[in-house]
Amino acid sequence: NTIFADDIKEVIIDEKAIEKRIEELGKEITASYDDDADIVMLCILRGAILFMADLAREIDLPVVFDFMDVSSYGASTESSGVVRIVKDMEENIEGRHLIIVEDIIDTGRTLKHVIDMLQTRDPKSIKVVTLLDKPDRRVQKKIDADFNGFEIPDEFVVGYGLDFAEKYRNLSFIGVLKEKLYK
Ligand code: PRP
Ligand code: MN
Ligand code: MG
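Below is a short write-up of the structure.

Definitions and limits used
- Residues numbered from 1 in each chain as written.
- Chains lettered and ligands numbered in written order.
- Predicted model: local features only at pLDDT ≥ 70, side-chain atom pairs only at ≥ 80, totals over all residues.
- Heavy atoms only, no water.
- Phe/Tyr/Trp six-rings, centres within 6.5 Å; stacked < 30°, edge-to-face > 60°.
- Buried < 20%, exposed > 50% of the residue type's maximum accessible area, 1.4 Å probe, protein only.
- Helix = DSSP H or I, 4+ residues; strand = E, 2+ residues; numbered from the N terminus.
- Pairing = 2+ DSSP bridges.
- Axes fitted to C-alpha atoms, helices over the stretch in contact; angles between N-to-C directions.

1. Quick look at the packing of aromatic side chains
Then comes step 1: Taken as a whole, this structure holds four aromatic pairs when the rule is applied.
Then comes step 2: Between Phe156 and Phe164, the aromatic rings sit 5.9 Å apart at their centres with planes inclined by 85°, giving edge-to-face as the arrangement. For the pair Phe156 and Phe164, a shared accessibility class is recorded, and that class is buried.
Then comes step 3: Ring geometry for Phe156 versus Tyr182: centroids 5.5 Å apart, planes at 55°, classification tilted. Residue Phe156 is located in the loop between β7 (147–151) and β8 (157–158), and its partner Tyr182 is located in the segment after β9 (174–177); the two are separated by 26 residues in the primary sequence.

Here it is in structure tokens:
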């Protein structure tokens, strides 16, 4: 799609590259579990929705879908540090394998909060898959992905699920937002 073309400074990951990397991630994830593993894929709303949908179809194992709505940014490019669980997940994860699906790990605050909370529910394992990782911005140093699509520099990116003030999520690529739009 070409909507918002004037708002994007640069496309850093195009549609083809996303597709190819997700195929690889799907294979990696498939290979790391037994065929009969009981797996719950947890999509962290709202940003991870497109990644979850595309990734799940590249995983050759039966998986259960669940969703948790977590919000920390609001209408800003800076994480507030206050992580809100807007909607909890529905599945009982005790004794089951959990795959947390994120679009991006930035400061790591969102994931830290989610992992700490879910660990108390005694899943058999927790693994994290993220499409994007911004290691330079990490505040929670121990928070990392088990499967990572792309490491990216510290620039404000939108598209393929990622928003600025709820806009740009339906772009089919990852692009850098022009600074004048949020400065
Ligand atoms: C964004 C993004 C991650 C999180 C990463 O979500 O989707 O979930 O921030 O940032 P962090 O590592 O600094 O915590 P956001 O809170 O904007 O909600 P959204 O997914 O609905 O856009
Ligand atoms: Mn999010
Ligand atoms: Mg957001």
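Read on for the rest.
2. Notes on the sheet that holds β9
Then comes step 1: Read across the open sheet, the three strands follow the order β1-β9-β8; overall the sheet is antiparallel. Edge positions in the open sheet fall to β1 (8–13) and β8, since each of these has one partner strand only.

3. As for the sheet that holds strand β5 (residues 97–105)
Then comes step 1: Spatially, six strands are ordered β4-β3-β2-β5-β6-β7 in an open sheet, and the strand pairing comes out mixed. Here the strands that pair on one side only, and so sit at the sheet edges, are β4 (84–87) and β7. On average, each strand axis in the sheet is inclined to that of its neighbour by 30°, with strand direction left out of account.
Then comes step 2: Summarising the sheet, strand β6 (residues 125–133) and β7 pair through four bridges and their orientation is parallel. The residue bridging Leu132 from the neighbouring strand is Phe150, located in β7.

It is worth stressing that arrangement in space is one thing and function is another; only the former is reported here.
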